[in-house]
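Structural characterization, general
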Amino acid sequence: MATQMRTLTFPIRPLPTPEEKPDRWRRRRCYGRGLHQTQLLVEALGPNKGVHRLVFDRQASTVTLDVDPDRFSLDEFKGLARELGLHVTGEVNHVVLDLPDVTRTIPARAIEERLKALPGVASARVNPVAHSVVVEYLEGAPTTAADVIAQLKSWGLRARELWAPPAWWAQHRLTLYTLVAGLALAGAWSAERVGLPAWLWGGMYLLAYLSGGGFAARSALAALRHRQIDVDLLMIVAALGAALIGQWAEGGVLLFLFALSNALERYAMDRTRQAIRALMDLRPAQARLESPQDERTVPVEQLQVGDVLIVRPGEKLPADGRVLSGQSAVDQSAITGESMPVPRAPGDPVFAGSINGGGALRIEVARPASDSTLARIILLVEEAQSERAPTQKRLDDLEQRYATGVIMAAAAVTVLPPLLLGWTWSQAFYRAMTLLVVASPCALVISTPASILSAIAAGARNGVLFKGGAHVEKLAGIRTFAFDKTGTLTEGKPRVTDILPLNPREEEALLALAASVEAQSEHPLAQAVVQAARRRELPLMPAEGLQAEPGKGVAARLPAPARTVYLGTARYLTEKEIPVPKALQERAEALEGQGKTLIFIGEAPAAADRRCLGAIAVADTVRPEAAETVRALKAAGVERVVMLTGDNRPAAQAIAAAAGVDEVLAELLPEDKVHQVKRLTEIYGAVAMVGDGVNDAPALAAASLGIAMGAEGSDVALETADVVLMASELARLPYAVQLSRKAQRIVRQNLVISVIVIALLLVSTFFDLVTLPLGVVGHEGSTVVVVLNGLRLLRHRPL
């Protein structure tokens, strides 16, 4: 069934550079650059990300998208736009809810279509197996989270926060109904055998039918109201048919075992949720807040950015923040998956949910509790478990046609054999009811989500976030990996090695000037310059209007004297009409031959000519685990590893040789990385791009699969990547590949088991080798087997 496209329009504007002031001619220049940025956005997004058309209206300052709601992510679109210097008006809001009654009141597809029709809703995804829905909409839209919940309730659906502990009755009622059905069935069978009155055992059979088949009957009737046929209808028809020919016990056994398998499936899905719900318990309910008078305890929801907290040894950290004083070893394994406690000292970041070691810490809050790294992890997993994998989507689409075919086949078995083969009507009807049971695709339908949801939960517990079942399946088939260099294959912590001022007496002045501009940048090279200035205790000037041009450089305005300072490549300075002296270029080339990266510095004073001031050389080191990671990927079947970088070729080749990659593509701008990723896709098929979310977000979005590493503090990575490695450890990548491939193997095992069992039972039914009770046992037994097989993934750990 083809997905209906949706057209969405958002206000959008390019962010101006420091020298682009708001007069008419400057605005034209700014929006001309906006057209270039939007074109890069078009190239990075595409059908692979659910975007089939993107139009930028320069006059109205809007962007219009034709999107596939099943694949489009509003968060990812906004994050990538921001990384390219485009501002999309309005914040992205999500509501993720548990729907215990999904399929019993309204089928999943009908719920999605109704939600998508609400004004302002960008996407709605229902997972009938996980019993959840995620709705994405822009802040300020006519529809709010309260509207979504109210609409669901008006349709007869109970809705609650996904990770909120369910009420006891809601959690256990399916199990209790199953228990009642089993006891009533056993009592009725015993009463009938010993000759008790028919009204007694008949009433007990009726109770067994109502308690064992009530949930399935509601689901079947809801589907029929929307002109759909599902597995529940097959079971109900088979049970009623058995009762019609006097086989009350066999129909009761069918409904009891069907209810039992549903209860076991629900238990299995709850196991995957409990694996993530445990993260909610990591964050303490209260925090110790430092005040001028004393310390006081406050709820974590009241914490604000800038508050100072006291965390004593052994306590859980209540919020993301930065260490102000104290030293300790912090266990942040639940957030990043790192097995050993991490030393933390003044200036280091810490995360909510981590456990403090032996030292007391004073921490400045960096994010409110609702926006902590832990909260964002939980939101990502909520959304991931609400998305269906491609295999699950295909099976869900097949279920409708398959169930219709089974009913038609059962009708044929009821009518044709008595007319053509001399069967009795009772014999033919009984065989048809058995056919309805053994041909039911319950095990086939549950085989994929049981495995995929377990893989998502296992990954989240070990620092690997899959943002949907589709990405679990896709990673399993990737054979080509492209790595960004800085911060991915390298430590991302380069050091300043050489300072080359044109005036030898101005070395410290040049470093202080560069650090003043770079102080606001997140790029590892920028941080290296800032750290070098701090080690020398150089005073920094306040910079205004920082504007980065990814892959080229940055610019900012500095006071006293007023000027715009530019830092970046030699080509970047040339574009800004700042000539680089030949002697400086020659010295820079010699350093580049040693594997170092050069940052050129120039300025444009208000009342003087633009000039180059010098250059700074920085060097990065290869991660110790980089070469072993590349070897592990190749041992796992990866055929080609490519490195993409904006760095100069000599420096790139030195890093590539140490890491053991197959191909080096150097001196690339962000748009060049996008083009190279697409070229690699054309040559090798699906390509995974691995980066740190800084300066490589377009390439992450353009790849078949985007993997962001070390994203515990990167908003862009969390928004644009398909898979997030929370720790800055490349070793997590082979684990993610192994997990996805194990999930794929188990899905295939489950599919094979399901198909073989159905085929054997069908053949046995036609040869009258299987009675209805045996068919029920074989059918429900295979369902339980595939669910338990999928749950094995919860125990998968890194090697």
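Summarised in this report is the structure supplied together with it. A quick note: this is a predicted structure, and the numbers were derived from the prediction, not measured. (Residues numbered from 1 in each chain as written. Predicted model: local features only at pLDDT ≥ 70, side-chain atom pairs only at ≥ 80, totals over all residues. Heavy atoms only, no water.)

Some points on the overall build of the chain
Scanning the chain for helices and strands turns up 26 helices and 29 strands. With 799 residues in all, the chain has 57% of them scored as buried. Within the chain, residue pairs in contact and separated by at least 24 positions form 69% of the contacts whose partners lie at least 6 positions apart. With an accessible surface of roughly 32,900 Å², the chain has 57% of that area assigned to carbon and sulfur atoms. (Helix = DSSP H or I, 4+ residues; strand = E, 2+ residues; numbered from the N terminus. Buried < 20%, exposed > 50% of the residue type's maximum accessible area, 1.4 Å probe, protein only. Contact = heavy atoms within 4.5 Å. Areas by Shrake-Rupley, 256 points an atom, 1.4 Å probe, with all protein chains shown as cover.)

Section: the packing of aromatic side chains
One pass over the full model with this rule turns up six aromatic pairs. An aromatic cluster is present here, built from Trp201, Tyr205, Tyr209 and Trp248 joined pairwise through their rings. (Phe/Tyr/Trp six-rings, centres within 6.5 Å; stacked < 30°, edge-to-face > 60°.)

Examining the sheet that holds strand 29 (residues 723–725)
Pairing in this open sheet of seven strands is mixed, and the strands run 17-29-28-27-18-25-26 from one edge to the other. The open sheet terminates on both sides in strands that have one partner only, identified here as strand 17 (464–466) and strand 26 (663–665). Taking each pair of neighbouring strands and ignoring which way they run, the sheet shows an average axis angle of 20°. Direction of pairing for strand 27 (residues 687–691) relative to strand 28 (residues 705–709): parallel, over a ladder of four bridges. Along strand 28, the bridge assignment pairs Val690 with Ile707. (Pairing = 2+ DSSP bridges. Axes fitted to C-alpha atoms, helices over the stretch in contact; angles between N-to-C directions.)

Some thoughts on the sheet that holds strand 22 (residues 563–568)
With respect to topology, six strands assemble into an open sheet ordered 19-24-23-22-21-20, the strand pairing being antiparallel. The strands lining the two open edges of the sheet, one partner per strand, are strand 19 (495–501) and strand 20 (544–549). Each strand axis lies, on average, 20° off the axis of its neighbour in the sheet, ignoring direction. As defined by bridge partners, strand 21 (residues 553–558) adjoins strand 22 across six bridges and the pair is classed as antiparallel. Of the residues in strand 22, the one forming a bridge with Gly553 is Gly568. Packed on one face of the sheet, helix 19 (residues 582–592) meets strand 19, strand 23 (597–605) and strand 24 (611–619) and runs near 155° to strand 23.

Regarding the side chain of Gln676
Tracing the chain through its elements places Gln676 in helix 22 (residues 670–684). At a separation of 2.8 Å, a polar atom in the side chain of Gln676 contacts the side chain of Arg679. Contacts of Gln676, omitting those with residues within four sequence positions, involve Leu644, Leu665 and Leu668. (Polar contact = N/O pair within 3.5 Å; in protein donor to acceptor, adjacent residues only side chain to side chain.)

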